[in-house]
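Summary of structural features
Residues per chain, in single letters:
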Amino acid sequence: MAFFILLNMELKWRKWNRAIHRDLGYFFFAMTIIYALSGIAINHVKDWNPNFIVTTDEFTVDISQPLTKERIKELLDEHDVNSSYRNHYKPSETELKVFLKDGSLSINLTDGYAWLELSKKRPIFKPMNYLHYNPHIYWTWFSDIFCIALMILAISGLFIARGKKGITRRGAWLTAIGILIPVIFLILFYY
């Protein structure tokens, strides 16, 4: 009789474990994708700009004509930078700086060399990175709940499989290796 009660308790525990693991996985699917993609982007910030696509163009400007506001707008139209002009000024006698909606144009007034730099938001990474940096107190709370849910998912995931693939055999080895890798990195690079 005691054996059947114990077996029944284990079955109920496993049933609840699977249900919690499954439902948290469904509920936090989007959050996992958001933090995974933005985490990859932030990990490689030295290699690329995860928030903006920056393009540059170099060309020569005919400086024999005066560079008026109208002439600058014509130059911008020639380089497909339409309706982007904001303002311009001369920081020195040899340079003209043009402010654009999403970039800038610098013109050397001695040789006509021009440097155009434009940026546009990355469509997927920019909004996800915005959320990754916790922009609002309510989002921070939701992110904290997500972090707690990740811990629950990790722990409950340990007990989903049974037998040879469970935590007492294959799962134990994989879990140990997964713990050992960050420990090694901490020993080598942090301490």
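Data block above holds the structure.
Reference entry: report on the structure contained in this document. Each chain has its residues counted from 1, following the order in which its sequence is written. In keeping with the predicted nature of the model, local features appear solely for residues at pLDDT of at least 70, side-chain atom pairs appear and are counted solely at 80 or more, and the whole-chain, interface and lining totals rest on all residues. With hydrogens and water excluded, all non-hydrogen atoms of the structure serve as input to the side-chain values.

This next bit is on the nonpolar core. The criterion is simple. A nonpolar core is a set of buried Ala, Val, Leu, Ile, Met, Phe, Trp, Tyr and Cys residues joined through side-chain atoms within 4.5 Å. Working definition: with a 1.4 Å probe on protein chains only, accessible area under 20% of the residue-type maximum means buried, over 50% means exposed, and in between means partly exposed. V61, L76, V98, L105 and I107 are the most contacted members of the largest nonpolar core, which totals 15 residues. Contacts between residues were defined by any pair of non-hydrogen atoms, one from each residue, lying within 4.5 Å. L105 has contacts with F59, L76, L96, K97, V98, L100, A114, W115 and L116, leaving out every residue within four places of it along the chain. Core analysis: the second largest hydrophobic core is formed by 10 residues, F28, Y35, W139 and A149 among them.

So, on to the packing of helix α2 (residues 29–43) against helix α5 (residues 137–158). Note on definitions: angles span 0 to 180 degrees between N-to-C directions of axes, and those axes are lines fitted to C-alpha atoms, for helices only across the stretch in contact. Helix numbering and strand numbering both begin at the N terminus, where a helix is a DSSP run of H or I of at least 4 residues and a strand a DSSP run of E of at least 2. Across the interface, α2 lies against α5 with an axial gap of 11 Å and an inter-helix angle of 100°. Of the possible angle classes, the one that applies to α2 and α5 is roughly perpendicular. In this structure, α2 uses M31, T32 and Y35 to contact α5, whose residues at the interface are W139, F142, S143 and F146. Charged means Asp, Glu, Lys or Arg here, nonpolar means Ala, Val, Leu, Ile, Met, Phe, Trp, Tyr, Cys or Pro, and polar covers whatever is left, Gly included. Considered class by class, the residues forming the contact of α2 with α5 number five nonpolar, two polar and no charged. Any angle that falls under 35 degrees is termed roughly parallel, while one over 145 is termed roughly antiparallel, one within 65 to 115 roughly perpendicular, and all others oblique.

Mapped onto the fold, R18 is located in helix α1 (residues 2–27). According to the relative accessible area criterion, R18 is partly exposed, its value standing at 41%. With 141 residues separating them in the primary sequence, R18 and F159 have C-alpha atoms 8.5 Å apart.

The strand order across the open sheet built from five strands is β1-β5-β4-β3-β2, with neighbouring strands paired in antiparallel fashion. Only two strands of the sheet have a single neighbouring strand rather than two, namely β1 (52–60) and β2 (85–92). Along the sheet, successive strands turn relative to each other by an average axial angle of 15°, direction set aside. Relative to β2, helix α3 (residues 69–78) is tilted by about 115°, and along the sheet it contacts β2, β3 (95–100) and β4 (103–108). Pairing between strands is defined by DSSP: at least two bridges between them are needed.

With that settled, the discussion passes to the side chain of S38. Residue position: S38 is located in helix α2. Owing to a relative accessible area of 0%, S38 belongs among the buried residues under this scheme. Apart from residues no more than four positions distant in its own chain, S38 is found in contact with M128, N129 and H132.

Further remarks concern the pairing of β3. Within a regular beta strand, the side chains point alternately toward one face of the sheet and then the other, so they alternate between its two faces. Every second residue of β3 is oriented toward a common face, the buried set being L96, V98 and L100 and the non-buried set E95, K97 and F99. Two strands pair when backbone bridges link them, and β2 and β3 are joined in this way by five bridges, in the antiparallel orientation. Its bridge partner lying in β3, H88 is registered against V98. The antiparallel pairing of β2 with β3 creates a hairpin that spans two residues between the two strands. Relative to β4, β3 is paired through six bridges, and the arrangement is antiparallel. The partner of L96 across the bridge, within β4, is I107. Hairpin geometry of β3 and β4 is characterised by an intervening segment of two residues between the two adjacent antiparallel strands.

On to the pattern of salt bridges. In the sections that follow, a salt bridge refers to a side-chain nitrogen of Lys or Arg positioned within 4 Å of a carboxyl oxygen of Asp or Glu. Taken as a whole and assessed by the stated rule, the structure comprises four salt bridges. Between D23 and R22 there is a salt bridge, and its shortest N-O distance comes to 2.9 Å. Here D23 falls in the partly exposed class, since its relative accessible area comes to 41%. Among the residues examined, R22 registers a relative accessible area of 42% and is labelled partly exposed. Residue R71 is joined to E74 by a salt bridge in which the shortest nitrogen-to-oxygen separation is 3.7 Å. Of this pair, R71 and E74 both sit in helix α3, three residues apart, roughly one helical turn. Residue classification places R71 among the buried positions, given a relative accessible area of 11%. Through salt bridges with shared partners, a single ionic network connects R71, E74 and E78.

As a further point, take α5. A rise of 1.5 Å per residue sets the reference length of α5, with its 22 residues, at 32 Å; its end C-alpha atoms lie 32 Å apart and thus fit the reference within 8%. Buried within α5 we find W139, S143, F146, A149, L153 and S156. For α5, the arc enclosing every buried residue in end-on projection is 140°, short of the 170-degree limit, so these residues lie on one face. Opposite the buried face of α5, by more than 90 degrees, sit the exposed residues M151 and I155. Multiplying 1.5 Å by the residue count of a helix minus one yields the expected span of that helix. Starting at the helix axis, one direction is taken to each C-beta atom, and the arc is that of these directions.

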